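A structural walkthrough
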Amino acid sequence: MREPNVNLIEIFSSIQGEGKYVGCRQVFVRFEGCNLNCDFCDTENEPGSHPVCHSETHAGSREFIDIPNPMTLSQVADKINAMLAEVPHQAVSFTGGEPLLHADFIHALAPRLHAPIFLETNGTLWREMQKLRDVANIVSMDIKLPSVIGEEQWENHARFIEAARNLDLYIKLVVSAETTDEEFQRAVSVAALGAPDKLFIIQPVTPNGGCHAASPEQVLRFQDAALRSLDDVRVIPQTHKMIGQI
(Lines give C-alpha, C1' and ligand atoms only; values in the text may rest on other atoms or scores of the structure.)
Protein backbone atom coordinates (compact mmCIF):
# COMPACT_ATOMS: atom_id res chain seq x y z
CA MET A 1 0.00 0.00 0.00
CA ARG A 2 1.37 3.41 -0.98
CA GLU A 3 2.28 5.75 1.88
CA PRO A 4 0.33 9.00 2.27
CA ASN A 5 2.21 12.09 1.18
CA VAL A 6 1.81 15.84 1.55
CA ASN A 7 3.28 19.15 0.42
CA LEU A 8 4.98 20.95 3.30
CA ILE A 9 6.42 24.46 3.42
CA GLU A 10 8.89 23.91 6.26
CA ILE A 11 9.91 21.83 9.27
CA PHE A 12 11.97 23.50 11.98
CA SER A 13 12.56 23.80 15.73
CA SER A 14 11.84 27.10 17.44
CA ILE A 15 10.10 28.87 20.30
CA GLN A 16 6.31 29.07 20.40
CA GLY A 17 5.59 32.77 20.07
CA GLU A 18 1.85 32.91 20.64
CA GLY A 19 -0.80 31.85 23.08
CA LYS A 20 -0.89 29.68 26.16
CA TYR A 21 2.44 27.93 25.55
CA VAL A 22 4.44 31.01 24.55
CA GLY A 23 8.14 30.44 25.19
CA CYS A 24 8.00 26.64 24.90
CA ARG A 25 10.31 24.81 22.51
CA GLN A 26 8.38 23.10 19.72
CA VAL A 27 8.95 21.44 16.36
CA PHE A 28 6.89 23.30 13.75
CA VAL A 29 5.44 21.59 10.69
CA ARG A 30 3.92 24.07 8.22
CA PHE A 31 1.38 22.87 5.66
CA GLU A 32 0.33 24.46 2.39
CA GLY A 33 -3.20 25.70 1.82
CA CYS A 34 -5.94 27.45 3.78
CA ASN A 35 -9.71 27.66 3.50
CA LEU A 36 -9.72 31.34 4.56
CA ASN A 37 -8.02 34.53 3.39
CA CYS A 38 -7.11 36.69 6.38
CA ASP A 39 -5.99 40.27 5.73
CA PHE A 40 -3.06 40.01 8.15
CA CYS A 41 -1.76 36.58 7.08
CA ASP A 42 2.04 36.53 6.81
CA THR A 43 2.42 33.09 5.19
CA GLU A 44 2.52 32.29 1.49
CA ASN A 45 0.53 29.06 1.60
CA GLU A 46 -0.95 28.69 -1.89
CA PRO A 47 -1.34 24.94 -2.62
CA GLY A 48 1.21 23.65 -5.10
CA SER A 49 3.44 26.73 -4.87
CA HIS A 50 6.20 24.99 -2.89
CA PRO A 51 8.14 22.46 -4.95
CA VAL A 52 10.37 21.77 -1.93
CA CYS A 53 10.05 21.68 1.85
CA HIS A 54 12.65 23.71 3.75
CA SER A 55 13.73 21.36 6.53
CA GLU A 56 16.13 22.36 9.27
CA THR A 57 19.23 20.17 9.32
CA HIS A 58 19.36 20.06 13.14
CA ALA A 59 17.06 21.44 15.82
CA GLY A 60 17.71 25.17 16.13
CA SER A 61 20.61 25.24 13.65
CA ARG A 62 18.90 27.70 11.28
CA GLU A 63 20.50 25.76 8.46
CA PHE A 64 18.05 24.26 5.98
CA ILE A 65 18.02 21.71 3.22
CA ASP A 66 15.40 21.46 0.47
CA ILE A 67 13.44 18.21 0.27
CA PRO A 68 11.28 17.67 -2.84
CA ASN A 69 7.53 17.75 -2.30
CA PRO A 70 5.42 15.82 -1.72
CA MET A 71 7.00 14.25 1.35
CA THR A 72 5.98 10.80 2.51
CA LEU A 73 4.67 9.95 5.95
CA SER A 74 7.94 8.20 6.84
CA GLN A 75 10.06 11.15 5.68
CA VAL A 76 8.08 13.59 7.81
CA ALA A 77 8.10 11.32 10.87
CA ASP A 78 11.85 10.75 10.57
CA LYS A 79 12.62 14.48 10.30
CA ILE A 80 10.45 15.37 13.29
CA ASN A 81 11.70 12.55 15.50
CA ALA A 82 15.31 13.40 14.73
CA MET A 83 14.75 16.92 16.06
CA LEU A 84 12.87 15.60 19.08
CA ALA A 85 15.86 13.38 19.89
CA GLU A 86 18.32 16.30 19.72
CA VAL A 87 16.53 18.73 22.05
CA PRO A 88 13.64 18.18 24.50
CA HIS A 89 10.50 19.72 22.95
CA GLN A 90 7.18 20.49 24.60
CA ALA A 91 5.15 19.51 21.51
CA VAL A 92 5.02 19.18 17.73
CA SER A 93 3.03 22.09 16.32
CA PHE A 94 1.10 21.57 13.09
CA THR A 95 0.46 24.95 11.51
CA GLY A 96 -0.02 26.51 8.10
CA GLY A 97 -1.90 27.57 6.24
CA GLU A 98 -4.61 25.47 7.80
CA PRO A 99 -3.31 22.10 9.04
CA LEU A 100 -6.75 20.55 9.44
CA LEU A 101 -7.08 20.49 5.65
CA HIS A 102 -4.63 17.59 6.06
CA ALA A 103 -6.41 15.86 8.96
CA ASP A 104 -6.03 12.35 7.52
CA PHE A 105 -2.26 12.79 7.12
CA ILE A 106 -1.90 14.16 10.66
CA HIS A 107 -3.97 11.29 12.03
CA ALA A 108 -1.69 8.76 10.36
CA LEU A 109 1.47 10.62 11.42
CA ALA A 110 0.64 11.28 15.07
CA PRO A 111 1.19 7.73 16.43
CA ARG A 112 4.73 7.75 14.99
CA LEU A 113 5.80 10.89 16.86
CA HIS A 114 7.40 11.00 20.29
CA ALA A 115 5.80 14.21 21.59
CA PRO A 116 2.35 15.71 22.20
CA ILE A 117 0.39 16.91 19.15
CA PHE A 118 -0.35 20.65 18.99
CA LEU A 119 -2.80 22.01 16.40
CA GLU A 120 -2.72 25.69 15.39
CA THR A 121 -5.97 26.18 13.51
CA ASN A 122 -8.42 28.80 12.30
CA GLY A 123 -11.16 26.92 14.14
CA THR A 124 -13.60 26.44 11.25
CA LEU A 125 -13.09 22.83 10.12
CA TRP A 126 -14.99 21.11 12.90
CA ARG A 127 -15.60 17.85 11.04
CA GLU A 128 -11.85 17.45 10.59
CA MET A 129 -11.32 18.28 14.28
CA GLN A 130 -13.63 15.40 15.17
CA LYS A 131 -11.33 13.06 13.24
CA LEU A 132 -8.32 14.18 15.28
CA ARG A 133 -9.76 14.10 18.79
CA ASP A 134 -8.13 10.76 19.55
CA VAL A 135 -4.59 11.91 18.60
CA ALA A 136 -4.50 15.66 19.36
CA ASN A 137 -3.40 16.98 22.76
CA ILE A 138 -3.40 20.78 22.48
CA VAL A 139 -5.57 22.95 20.25
CA SER A 140 -4.89 26.63 19.64
CA MET A 141 -8.10 27.80 17.98
CA ASP A 142 -8.52 31.18 16.35
CA ILE A 143 -11.83 32.97 16.06
CA LYS A 144 -11.78 34.80 12.74
CA LEU A 145 -13.68 38.08 12.54
CA PRO A 146 -15.75 39.11 9.51
CA SER A 147 -13.76 42.35 9.21
CA VAL A 148 -10.64 40.23 8.60
CA ILE A 149 -11.91 37.44 6.34
CA GLY A 150 -14.95 39.07 4.71
CA GLU A 151 -17.42 36.42 5.88
CA GLU A 152 -19.02 35.06 9.03
CA GLN A 153 -17.83 31.79 10.56
CA TRP A 154 -19.74 31.95 13.86
CA GLU A 155 -21.58 28.64 13.45
CA ASN A 156 -18.44 26.78 12.38
CA HIS A 157 -16.53 28.25 15.33
CA ALA A 158 -19.25 27.13 17.74
CA ARG A 159 -19.19 23.60 16.33
CA PHE A 160 -15.40 23.53 16.46
CA ILE A 161 -15.38 24.44 20.15
CA GLU A 162 -17.78 21.57 20.78
CA ALA A 163 -15.51 19.17 18.87
CA ALA A 164 -12.34 20.21 20.75
CA ARG A 165 -13.89 20.96 24.13
CA ASN A 166 -12.43 17.96 25.97
CA LEU A 167 -8.86 18.61 24.81
CA ASP A 168 -6.35 21.20 26.06
CA LEU A 169 -8.16 23.90 24.08
CA TYR A 170 -7.58 27.62 24.20
CA ILE A 171 -9.13 30.31 22.04
CA LYS A 172 -7.21 33.15 20.40
CA LEU A 173 -8.65 36.30 18.86
CA VAL A 174 -6.47 38.67 16.84
CA VAL A 175 -7.65 42.27 17.18
CA SER A 176 -6.67 45.35 15.18
CA ALA A 177 -7.69 49.00 14.89
CA GLU A 178 -10.35 47.79 12.45
CA THR A 179 -11.98 45.39 14.94
CA THR A 180 -15.47 46.58 15.87
CA ASP A 181 -16.98 46.31 19.32
CA GLU A 182 -19.92 44.38 17.86
CA GLU A 183 -17.87 41.60 16.25
CA PHE A 184 -15.58 41.38 19.26
CA GLN A 185 -18.55 40.86 21.54
CA ARG A 186 -19.96 38.24 19.16
CA ALA A 187 -16.68 36.34 19.37
CA VAL A 188 -16.75 36.50 23.17
CA SER A 189 -20.33 35.25 23.15
CA VAL A 190 -19.37 32.22 21.03
CA ALA A 191 -16.56 31.39 23.45
CA ALA A 192 -18.72 31.99 26.53
CA LEU A 193 -21.47 29.72 25.25
CA GLY A 194 -19.19 26.81 24.37
CA ALA A 195 -16.18 27.08 26.67
CA PRO A 196 -16.44 29.82 29.33
CA ASP A 197 -13.74 28.18 31.46
CA LYS A 198 -11.15 27.87 28.67
CA LEU A 199 -8.35 30.41 28.28
CA PHE A 200 -9.28 33.26 25.92
CA ILE A 201 -6.36 35.20 24.46
CA ILE A 202 -6.61 38.64 22.89
CA GLN A 203 -3.70 38.98 20.46
CA PRO A 204 -3.00 42.51 19.20
CA VAL A 205 -2.29 42.21 15.49
CA THR A 206 1.23 42.51 14.15
CA PRO A 207 0.42 45.05 11.39
CA ASN A 208 0.48 43.44 7.94
CA GLY A 209 -1.62 43.53 4.79
CA GLY A 210 -3.44 46.77 5.56
CA CYS A 211 -4.34 45.96 9.17
CA HIS A 212 -3.36 48.55 11.74
CA ALA A 213 -2.40 48.04 15.38
CA ALA A 214 -5.10 48.36 18.00
CA SER A 215 -4.52 51.19 20.46
CA PRO A 216 -3.62 50.36 24.09
CA GLU A 217 -6.98 51.83 25.15
CA GLN A 218 -8.85 49.63 22.67
CA VAL A 219 -7.08 46.49 23.89
CA LEU A 220 -7.92 47.27 27.52
CA ARG A 221 -11.54 47.94 26.62
CA PHE A 222 -11.75 44.60 24.83
CA GLN A 223 -10.24 42.74 27.79
CA ASP A 224 -12.64 44.44 30.19
CA ALA A 225 -15.61 43.38 28.04
CA ALA A 226 -14.40 39.78 27.72
CA LEU A 227 -13.76 39.39 31.47
CA ARG A 228 -17.43 39.98 32.12
CA SER A 229 -18.26 36.66 30.39
CA LEU A 230 -15.11 34.52 30.54
CA ASP A 231 -13.03 33.17 33.43
CA ASP A 232 -9.52 33.72 32.05
CA VAL A 233 -8.73 36.47 29.50
CA ARG A 234 -5.13 37.40 28.71
CA VAL A 235 -3.49 39.82 26.29
CA ILE A 236 -0.49 38.17 24.59
CA PRO A 237 1.16 39.59 21.45
CA GLN A 238 3.29 37.69 18.93
CA THR A 239 6.50 37.40 20.93
CA HIS A 240 8.67 35.38 18.55
CA LYS A 241 8.96 38.30 16.14
CA MET A 242 10.14 40.53 18.97
CA ILE A 243 13.12 38.28 19.71
CA GLY A 244 14.02 37.37 16.14
CA GLN A 245 12.70 33.80 16.14
CA ILE A 246 11.01 32.25 13.11
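Above this text you will find the structure in question.
We now turn to the structure provided with this report.

On to the packing of helix H6 (residues 181-194) against helix H7 (residues 216-227), then. Two elements in contact, H6 and H7, have axes separated by 10 Å at closest approach and are oriented at 35°. In the crossing of H6 with H7, the sense of the turn from one axis to the other is right-handed. Contact with H6, carried on its side by Asp181, Phe184, Gln185 and Val188, involves Arg221, Phe222, Ala225 and Ala226 of H7 and no other residues of that element. Considering only residue class, the contact of H6 with H7 consists of 5 nonpolar, 1 polar and 2 charged.

For the rest of this paragraph, the subject is H7. Two residues of an α-helix separated by three or four positions point the same way, owing to the 3.6 residues in each turn. Its 12 residues place the ends of H7 17 Å apart at the C-alpha level, agreeing with the 16 Å of an ideal helix rising 1.5 Å per residue. The set of residues buried in H7 consists of Gln218, Val219, Phe222, Gln223 and Ala226. The buried residues of H7 occupy one face: seen down the axis, they fall within an arc of 135°. Set apart from the buried face of H7 by more than 90 degrees, the exposed residues are Pro216, Glu217 and Leu220. On its buried face, H7 sits against strand E10 (168-175), H6, strand E11 (200-204) and strand E12 (233-235).

With 14 residues, H6 should cover 20 Å at 1.5 Å per step; its first-to-last C-alpha distance of 20 Å lies within 8% of that length. Of the positions making up H6, those classed as buried are Glu183, Phe184, Ala187, Val188, Val190 and Ala191. Burial along H6 is one-sided: seen end-on, the buried residues are contained in an arc of 155°. H6 presents Glu182 and Leu193 as exposed residues on the side facing more than 90 degrees away from its buried surface. Lining the buried residues of H6 we find helix H4 (146-149), helix H5 (154-164), E10, E11 and H7.

Calculation rules
- Residues numbered from 1 in each chain as written.
- Predicted model: local features only at pLDDT ≥ 70, side-chain atom pairs only at ≥ 80, totals over all residues.
- Heavy atoms only, no water.
- Axes fitted to C-alpha atoms, helices over the stretch in contact; angles between N-to-C directions.
- Helix = DSSP H or I, 4+ residues; strand = E, 2+ residues; numbered from the N terminus.
- Left-handed = near helix turned anticlockwise from the far one by under 90°.
- Contact = heavy atoms within 4.5 Å.
- Nonpolar A, V, L, I, M, F, W, Y, C, P; charged D, E, K, R; others polar.
- Expected span 1.5 Å × (residues − 1).
- Buried < 20%, exposed > 50% of the residue type's maximum accessible area, 1.4 Å probe, protein only.
- Arc of directions from axis to C-beta.

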